[in-house]
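Architecture at a glance
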Amino acid sequence: MNIQAMMKQAQSLQKEMMKAKDEIDKTEFVGESSLVQATVNGKKEVLKISISKNDNLDLDDLELLEDMLVVAVNNAMQKVDDMTEQKMGKFGNMSGLF
């Protein structure tokens, strides 16, 4: 294979990688715990936090609510990592370049 063919193949691969990364960045992921939903994008930016309107929730128990927020956000972030691995894993170690 000559150099030009290799360069063309590398450029094609780079375009595929950028397309996959763009798709991940634009996707919204929702993580959940029992009373909380956290929505993040593929850039791992928190977009929204929703707290279930539950009459049984004691609003004075902020520590429990804080723990639920952490669980929901971490769950959403794990979904970002899972999709990133699914979409970018086929590129091997090169995916770390983007």
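Before reading on, note that the structure itself is shown above.
Conventions we followed
Residues numbered from 1 in each chain as written. Predicted model: local features only at pLDDT ≥ 70, side-chain atom pairs only at ≥ 80, totals over all residues. Heavy atoms only, no water. Helix = DSSP H or I, 4+ residues; strand = E, 2+ residues; numbered from the N terminus. Buried < 20%, exposed > 50% of the residue type's maximum accessible area, 1.4 Å probe, protein only. Axes fitted to C-alpha atoms, helices over the stretch in contact; angles between N-to-C directions. Parallel < 35°, antiparallel > 145°, perpendicular 65-115°, else oblique. Left-handed = near helix turned anticlockwise from the far one by under 90°. Contact = heavy atoms within 4.5 Å. Nonpolar A, V, L, I, M, F, W, Y, C, P; charged D, E, K, R; others polar. Pairing = 2+ DSSP bridges.

Some points on unusual backbone geometry
Even without being glycine, K44 reaches a positive phi, approximately 65°. You can see K44 is positioned in the loop between β2 (36–41) and β3 (46–51). Taking relative accessible area as the criterion, K44 reaches 38% and is therefore assigned partly exposed.

Some points on the packing of helix α1 (residues 3–26) against helix α2 (residues 62–88)
Interhelical geometry of α1 versus α2 gives an angle of 160° and a closest axis separation of 10 Å. Relative to α2, α1 is oriented roughly antiparallel. Crossing angle aside, the handedness with which α1 passes α2 is right-handed. Two secondary-structure elements touch here, α1 through M17, A20, K21, E23 and I24 and α2 through M83, T84, K87 and M88. Taken together, the residues of the contact of α1 with α2 sort by class into five nonpolar, one polar and three charged.

Considerations on the sheet that holds strand β1 (residues 28–32)
Backbone hydrogen bonds are what pair the strands of a sheet, in a parallel or an antiparallel way. Read from one edge to the other, the open sheet built from three strands follows the order β1-β2-β3, with strand pairing classed as antiparallel. Each of the sheet's edge strands pairs with one partner strand only, and the pair in question is β1 and β3. Averaged over all pairs of adjacent strands, the angle between strand axes in this sheet comes to 15°, irrespective of strand direction. Bridge count for β2 against β3 is five bridges, and the pairing is antiparallel. Pairing of V40 across the sheet is with V46, part of β3. Strand contacts of α2: β1, β2 and β3, with the helix running at about 140° to β1, the strand carrying the most contacts.

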